[in-house]
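# Structure assessment
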Amino acid sequence: MSAEIRHQIQELCEEIGDHQFKYYVLDAPTITDAAFDKLWNQLLELEKKYPQYKLESSPTLQVGGGFSTSFTQHDHIEKMMSLDNVFDSEELDTWFDRIEKSGSKNTWLCEVKVDGLAINLLYEEGRLTRALTRGNGTTGEDVTLNIKTIKSVPLELKGKNLPSLLEVRGEVFFPLQSFDELNDSLEEAGKPRFANPRNAAAGSLRQKDPKITASRPLDVVVHGIGAATGISFEKQSDAYELLKSWGLPTSKRYKVVATRKEVLDFIKGYEKDRHNVEHEIDGVVIKVNEISVQNTLGLG
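For every chain, the first residue of the written sequence is number 1, and numbering continues from 1 onward in sequence order. Restriction of local features to residues with pLDDT of at least 70 applies here, the model being predicted, together with a cutoff of 80 or more for giving and counting side-chain atom pairs; totals for whole chains, interfaces and linings are based on all residues. Water and hydrogen atoms play no part in the side-chain values, which are based on all heavy atoms of the structure.

### What to know about the packing of helix α1 (residues 2-24) against helix α2 (residues 33-49)
Going by this rule: Convention adopted: a line fitted to C-alpha atoms gives each axis, helices being fitted over their contacting stretch, and angles between N-to-C directions are expressed from 0 to 180 degrees. By definition, any uninterrupted DSSP run of H or I lasting at least four residues is a helix, any uninterrupted run of E lasting at least two residues is a strand, and each is numbered from the N terminus. Left-handed describes a crossing whose near helix is turned anticlockwise from the far helix by less than a right angle; the clockwise case is right-handed. The contact definition used throughout considers only heavy atoms, calling two residues in contact when any of these lie within 4.5 Å. When residue character is reported, Ala, Val, Leu, Ile, Met, Phe, Trp, Tyr, Cys and Pro are called nonpolar, Asp, Glu, Lys and Arg charged, and the others, Gly included, polar.
Two numbers describe how α1 lies on α2: the axes approach to 10 Å, and their chain directions differ by 145°. Regarding α1 and α2, the two cross each other, and that crossing is left-handed. Contact residues: I5, Q8, I9, L12, C13, E15, I16, H19 and Q20 in α1; F36, L39, W40, Q42, L43, L46 and E47 in α2. Residues of the contact of α1 with α2, tallied by class, amount to ten nonpolar, four polar and two charged.

Here it is in structure tokens:
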């Protein structure tokens, strides 16, 4: 009985907190005031009858609907690795040669690298429970409340056979179309302009008041998986399809190719077309598509 009461109180606290967030931060309530009051009174009654199970984080202890991001630090479950950089065709050829000498049969996944702020989204039982900045790769800052204001980030994954635990890696970016508008509004308000869209993304995400983040047109694109329980895939492109099927915002700007020439064509294509992309580009990422080959070569 006690476990059932604790569970009921926990669920009510989470449900009420979600509705308060939608009302106070997003200005987008999803239930009527009467329905909210019913949930609130249910929680009050339970807390009065079973004070020993009242949570320190209970919404009944909070003042109004105040939400504030504290940027507390947490470890990533799986470390966020950095990418190796290649700056010229000679270095790229050396990288290709190394992989081909291994005798592996593989394809390449090429994608545009978003110039944004790296983020790690943690989903447990399909529900977004934490969002951390990359930090030093091992430890990042908690920006969960702010991430929840970004419309393209699902609070719950859709579909069946969802993993019980899933870390999703991605980039928060500021769309180019809105960048100048934001800077003009900041200048009118007597505040300093952002130097570039990446700084605008970082500055908008790292606000103590998530309502300010909600007012900025941030977006996210996801491109990888960290720790995961209950899923497996043979290719990087398979992972992208899985993420997309669960409702996550994957990139439209990637391609699986079979030859060096096709890789180079992809790079040259975006050298010419970089100004027609909705976000700043920080180069092109080339990955061995087959996970088994990544693991063998130490690339994964």
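### A few points about the packing of aromatic side chains
Put simply, the test is: Only the six-membered ring of Trp is used, alongside the rings of Phe and Tyr, when aromatic pairs are assigned; centres must lie within 6.5 Å, and planes under 30 degrees apart are stacked while those over 60 apart are edge-to-face, with the rest tilted. For the exposure calls, accessible area comes from a 1.4 Å probe over protein chains only, and a residue counts as buried if that area is under 20% of its type's maximum, exposed if over 50%, partly exposed in between.
Summed over all chains, the structure comprises eight aromatic pairs. With 5.5 Å between their ring centres and 45° between their planes, W95 and W108 make a pair best called tilted. Residue W95 is found in helix α3 (residues 89-101), and its partner W108 is found in strand β2 (residues 108-114); the two are separated by 13 residues along the sequence. On the basis of relative accessibility, which here comes to 18%, the residue W95 falls in the buried class. Among the residues examined, W108 registers a relative accessible area of 3% and is labelled buried. Ring geometry for F174 against F179: centres 6.5 Å apart, planes inclined by 75°, an arrangement best described as edge-to-face. Of the two residues, F174 and F179, both sit in the buried class. Three or more aromatic residues joined by ring pairs form one cluster here, namely W95, F96 and W108.

### Observations regarding the packing of helix α5 (residues 176-188) against helix α6 (residues 197-205)
If you want to describe how two helices pack, look at the angle between their axes and the distance between the axes. Short version of the rule: Roughly parallel refers to an angle under 35 degrees, roughly antiparallel to one over 145, roughly perpendicular to one between 65 and 115, and oblique to any angle outside these ranges.
For the pair α5 and α6, interaxial distance at closest approach is 10 Å and the crossing angle is 70°. One finds that α5 runs roughly perpendicular with respect to α6. Along its contact with α5, which presents L176, F179 and L182, the element α6 presents P197, A200 and S204. Residues belonging to the contact of α5 with α6 are distributed by class as follows: five nonpolar, one polar and no charged.

### Focus: the sheet that holds strand β9 (residues 281-288)
Note the cut-off: In this analysis, strands are considered paired if DSSP registers two or more bridges between them.
With respect to topology, three strands assemble into an open sheet ordered β8-β2-β9, the strand pairing being antiparallel. Of all the strands in the sheet, just β8 (254-257) and β9 have a single pairing partner and so form its edges. Here the strands of the sheet are splayed against their neighbours by 20° on average, with no regard to which way each runs. Of the strand pairs in this sheet, β2 and β9 are connected by six bridges, and their pairing is antiparallel. Among the inter-strand pairings, V112 is bridged to a residue of β9, identified as V284.

### A closer look at the sheet that holds strand β4 (residues 127-133)
Ordered by their spatial adjacency, four strands build an open sheet running β4-β3-β6-β7, and the pairing between neighbours is antiparallel. Edge positions in the sheet fall to β4 and β7 (219-229), since each of these pairs with one other strand and no more. Ignoring strand direction, the axes of neighbouring strands in this sheet form an average angle of 25°. Note: strand β3 (residues 117-124) against strand β6 (residues 165-173), eight bridges, orientation antiparallel. Opposite A118, over in β6, you have E171 as the bridge partner. Across the face of the sheet, α6 comes into contact with β3 and β6 while running at roughly 45° to β3.

### Points about the pattern of salt bridges
For clarity, the cut-off: Salt bridges, as used here, are contacts in which a Lys or Arg side-chain nitrogen is within 4 Å of a carboxyl oxygen on Asp or Glu.
Overall, the coordinates contain 15 salt bridges when judged by the stated rule. Close ionic contact of E111 with K287 constitutes a salt bridge, the shortest N to O distance being 2.9 Å. One end of the pair, E111, is in strand β2; the other, K287, is in strand β9, with 176 residues separating them in the sequence. Each member of the pair, E111 as well as K287, is classed as buried. For D265, the salt bridge identified is with K261, shortest N-O distance 2.9 Å. Linking D265 with K261, this pair stays in helix α9 (residues 260-273), spanning four residues, or about one helical turn. Owing to a relative accessible area of 37%, D265 belongs among the partly exposed residues under this scheme. You can call K261 exposed: its relative accessible area is 58%.

### Quick word on the nonpolar core
This is how the line gets drawn: Put simply, a nonpolar core is a bunch of buried Ala, Val, Leu, Ile, Met, Phe, Trp, Tyr and Cys residues held in one set by side-chain atoms that sit within 4.5 Å of each other.
Core analysis: the largest hydrophobic core is formed by 31 residues, its most contacted members being L121, Y123, I147 and V172. In contact with V172, other than residues within four places in its own chain, are G116, L117, I119, I147, I150, A201, L205, L218, D219 and V220. Counting 18 residues, the second-largest nonpolar core is a separate cluster that includes L92, V257, V277 and I286.

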